[in-house]
Amino acid sequence: MKSILHQTLDRTGTDSVKWDGLERWFHLKSDVLPLWVADIDVRTAPAISEALTARAATGEYGYTLFSRDAQRAVSDWYSRRHDVKFDPNHVLFSSGVVPGLTHIVEALTEEGDGVVIQSPVYPPFHELVTGLKRELLDAPLIQVNGRYEMDFDALEAAMRQAKLFLLCSPHNPVGRVWMESELARVIELARRHDVIIVADEIHADLTYPSQHHVAIGRLDDRVITVSAPSKAFNIAGLFASYIVCPDDAWRKRIIQVQNKHHVLPTPFANTAIIAAYTDPRAERWLDQLTAELEEQAAYVVGRFRESMPYLTCFMPEASYLLWIDFEALGLEPDARKKWLQEDVRIFLSPGTPFGESGRSFERLNFGTRRTLIDEALERLIRQVGENEQRTGNAFV
Ligand SMILES: Cc1ncc(COP(=O)(O)O)c(C=O)c1O
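Residues numbered from 1 in each chain as written. Predicted model: local features only at pLDDT ≥ 70, side-chain atom pairs only at ≥ 80, totals over all residues. Heavy atoms only, no water.

For the rest of this paragraph, the subject is the pattern of salt bridges. Two side chains with opposite charge may pair up if their charged atoms get near one another. Summed over the entire model, instances satisfying the criterion amount to 30 salt bridges. With its nearest N and O atoms 3.3 Å apart, the salt bridge here joins Lys18 to Asp41. Of the two residues, Lys18 sits in the segment before helix 1 (21-26) while Asp41 sits in the loop between strand 1 (33-34) and helix 2 (46-57), which places them 23 residues apart along the sequence. Summarising the burial analysis for this pair, Lys18 and Asp41 share the class buried. A salt bridge links Lys338 to Glu342; the nearest nitrogen and oxygen atoms lie 3.1 Å apart. Residue Lys338 and its partner Glu342 are located together in helix 11 (residues 333-344), separated by 4 residues, close to a single helical turn. Note on Glu342: relative accessible area 46%, which makes it partly exposed. (Salt bridge = Lys/Arg side-chain N within 4 Å of Asp/Glu carboxyl O. Helix = DSSP H or I, 4+ residues; strand = E, 2+ residues; numbered from the N terminus. Buried < 20%, exposed > 50% of the residue type's maximum accessible area, 1.4 Å probe, protein only.)

With respect to topology, 4 strands assemble into an open sheet ordered 11-12-15-14, the strand pairing being antiparallel. If you trace the sheet from one side to the other, it starts and ends with strand 11 (312-314) and strand 14 (349-350), each paired once. Looking at chain direction, strand 14 and strand 15 (residues 361-365) are connected through 2 bridges and run antiparallel. Bridging from a neighbouring strand, Pro350 pairs with Glu362 of strand 15. Strands strand 11, strand 12 (321-325) and strand 15 of the sheet are contacted by helix 10 (residues 280-307), whose axis makes an angle of about 15 degrees with strand 12. (Pairing = 2+ DSSP bridges. Contact = heavy atoms within 4.5 Å. Axes fitted to C-alpha atoms, helices over the stretch in contact; angles between N-to-C directions.)

Turning next to the nonpolar core. The biggest cluster of nonpolar side chains holds 69 residues, and the ones touching the most others in it are Phe233, Tyr277, Phe304, Leu322, Phe326, Phe366 and Leu380. Of all the elements, helix 10 adds the most residues to this core, at 9 residues. Counting residues domain by domain, this core receives three or more from each of domain 1 (21-45 + 282-386) and domain 2 (60-279). With residues near it in sequence (within four places) discarded, Leu380 still touches Phe304, Met308, Phe326, Trp339, Leu340, Val344 and Ile346. Core analysis: the next-biggest nonpolar cluster, separate from the first, contains 30 residues, Ala162, Val174, Ile216 and Trp323 among them. (Core = buried A, V, L, I, M, F, W, Y, C linked by side-chain atoms within 4.5 Å. Domains from an automatic or database assignment.)

Below, the structure written as structure tokens:
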């Protein structure tokens, strides 16, 4: 098969958030390279586009139920790929993973209840909790020998006051794939303090071939799992996601909240889930993509370590997001943003919304062709050099 990642896909003019959003939302010129929002610059698996084309050709686009075949597809996928048996009847549709997490928090907690997160973490984790007027309890991750780990003392302290824990597995932005021993400790603490675990596994199917994702639902049958084929197959714009909730009473409450918010799939969501999870060609495509992403991660991290060793980056174990510490440049977040956009001319995701510990960080999405990555890195290296010459101050 030809490379998936290194083929050119021009997304400009498609109303792409990542590409066209730069001008529309941030008034930036088109020469700024977008390495931010978490989708990638590749066409989805042909098996999925073929299935969608066939569905489109029916001309039937009325209100649609979550297909039983899609429920079975999710259940079979988790069984085959992650060794956990979910009852297909426990799989609910969700129009996005973030809406799914939001509806779960709304359904299973009350205003003022504590919800635990582990910063730095995907900004909507913070926003959905505070937006629902729940108390945000942070148990920040800690850096140990160049890798992020859970702080179990902090996690237990937070869980003492909490009703629910939002686990990001694999973790965005630090790229960790949690080990079974770590997840087992999470479960032990949650049981001790009667805390509901809600696992966002949206990046799970992009776990690198050298790593192993453990679905936490395999270790505890009360865990609620929220996921989608959206990251793995690059179909985030279809909003085809799901919630797996084995507990009958909790599931009933989640459905009530979903009904209040009119959650229904589009016909294309059903088709995409079924094609992604049942067509063997899609599965082979995904296996190739994850291998290419692992290689790209090693390449990008290698280039940073060789050319800009003063910028610390954390080798991801899944997906296409690189968490980079720009502390050595001594720039405040606003000044760094201006410098990156106006001088370097690349657009990254700033670290502060991921949590206070992210202040000096940026997140770089390397899910694009190698030539674009090279251009971005060269711009960065050049501007670090130019800035040193202009100011006479070595940045580092
Ligand atoms: C951990 C995590 N959860 C959820 C999402 C978004 O999911 P959705 O667009 O389905 O709401 C992302 C997107 O980057 C993510 O990284």
